[in-house]
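Report on the structure
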Amino acid sequence: MTGSPFVTHRSLLFTVAYELLGSAADAEDVLQESWLRWADVDQSQVRDPRAYLVRIVTRQALNRRRALSRSREDYVGEWLPEPLLTSPDVAEDVELAESVSIAMLTVLETLGPTERAVFVLREVFDLAYGEIAEATGKSAASVRQIARRAREHVAARRPRVRVSRTEQRAVVERFLASLRTGRLDELMEVMAPDVVLIADGGGLAAAATAPVHGAEPVARVLARADRPAAAAFETTTVWLNGAPAGRFEIDGEPTAVSVVVENGRVTRVYLMRNPRKLTRLEEPAELAR
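The sections below set out a description of the structure shown in this document. One numbering rule holds for all chains: residues counted from 1, following each sequence as written. Confidence filtering applies because this is a predicted model: local features only for residues at pLDDT of at least 70, side-chain atom pairs given and counted only at 80 or more, and all residues used for totals across whole chains, interfaces and linings. The basis for every side-chain value is the complete set of non-hydrogen atoms in the structure, without hydrogens or water.

The helix and strand tally for the protein chain stands at 12 helices and six strands. For the protein chain, the C-alpha radius of gyration of 20 Å lies close to 19 Å, the compact-globule estimate for 289 residues. When the backbone C-alpha atoms are referred to their principal axes, the protein chain occupies close to 65 × 40 × 40 Å. Going through the 289 residues of the protein chain one by one, you find that 51% of them count as buried. The long-range fraction of contacts in the protein chain, counting pairs at least 24 apart against all pairs at least 6 apart in sequence, stands at 69%. The Shrake-Rupley method, run with a 1.4 Å probe sphere, supplies the accessible areas, and residue values consider only the shown protein chains as cover. Entry remark: accessible area of the protein chain is about 13,500 Å², with carbon and sulfur atoms responsible for 47%. Every helix listed is a DSSP run of H or I at least four residues long, and every strand listed is a run of E at least two residues long, numbered separately from the N terminus. In this description the radius of gyration comes from C-alpha coordinates, and the expected globular size is given by 2.2 Å times residues to the power 0.38. Only protein chains enter the accessibility calculation, which uses a 1.4 Å probe; a residue is then buried when its area is under 20% of its type maximum, exposed when over 50%, and partly exposed in between. Should any heavy atoms of two residues lie within 4.5 Å, those residues are considered in contact.

Spelled out as structure tokens, the structure:
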């Protein structure tokens, strides 16, 4: 079984599905469905198993995305991607780390399913337009146009400043330290004046249901009095989605926080509190391109 192309490329296939869906649980379901379809194929006739498997996974992910569209519309509050614990070496592949970052996955949510598939397969996995056309059921000419529009869309919304992982970690640790104290002045100092907080509780955990803008309002949300006393409030720096991030508990419930850093300050805070999305923070996910 270890010689199976599906097993060989499983990390890649999971990464494709996850980037198209923003959910590890849904990505795993897509892989299960793709495995069943692969098992029915006459594999001796497949010249490029990797490309063939990517096509299967893409089609299944697009089907899953369409099936999920209603539940996403009915979601309580803001929807954020499911965070993944990753090993520090994921960050060594800069393009992979950026593509799976919470910030990028949140931007990808603003694309339509086909646009997202075209963008991910072209920009992240460097598939040829002809291969993407087969995977999405579009013509190669259409795929080129979709790719151009998707690139422009993403470029207008993605964080523009890249920082080193060392700087990212230093700012994250300052942010978590100020979070532990709950002091408004310390929190505001580490955040940009126009910082935005997006929280995801999914109706299952307390969280702001709309984006919060500005350092003082964001600091007040983060320093709420209904959290535990500072002495009992522990935070841990972890690697989430290829970047330094934070993990802590509020009233015994897990919380993950990912931030965007520009010019030494936090400009975006992604606070993930939906317990159904916080089940993969013990074992690092295997991601690959």
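That covers the picture; the talk isn't over yet.
For the rest of this paragraph, the subject is the packing of helix α3 (residues 24–39) against helix α4 (residues 49–73). Here an angle of 0 to 180 degrees is reported between the N-to-C directions of two axes, which are lines fitted to C-alpha atoms, with helices fitted over the stretch in contact. For the pair α3 and α4, interaxial distance at closest approach is 9 Å and the crossing angle is 130°. Taken together, the axes of α3 and α4 are oblique relative to one another. The hand of the α3/α4 crossing is right-handed. Where α3 abuts α4, its residues Asp26, Asp29, Val30, Glu33, Ser34, Arg37 and Trp38 lie against Pro49, Tyr52, Leu53, Ile56, Val57, Gln60, Ala61, Arg64, Leu68 and Arg72. Here the contact of α3 with α4 is composed, by residue class, of nine nonpolar, two polar and six charged. If an angle is under 35 degrees, it is roughly parallel; if it is over 145, roughly antiparallel; if it lies from 65 to 115, roughly perpendicular; otherwise it is oblique. A clockwise turn of the near helix away from the far one marks a right-handed crossing, whereas an anticlockwise turn of less than a right angle marks a left-handed crossing. Each residue is assigned to one of three groups, with Ala, Val, Leu, Ile, Met, Phe, Trp, Tyr, Cys and Pro labelled nonpolar, Asp, Glu, Lys and Arg labelled charged, and all others, Gly among them, labelled polar.

This part is about the pattern of salt bridges. Whenever a carboxyl oxygen of Asp or Glu lies within 4 Å of a side-chain nitrogen of Lys or Arg, that contact is scored as a salt bridge. All told, the structure shown has 23 salt bridges when counted by the stated rule. Note that Asp29 and Arg64 form a salt bridge whose closest N and O atoms lie 3.2 Å from each other. Taken together, the residues Asp29 in helix α3 and Arg64 in helix α4 connect sequence positions 35 residues apart. Since its relative accessible area comes to 37%, Asp29 is described here as partly exposed.

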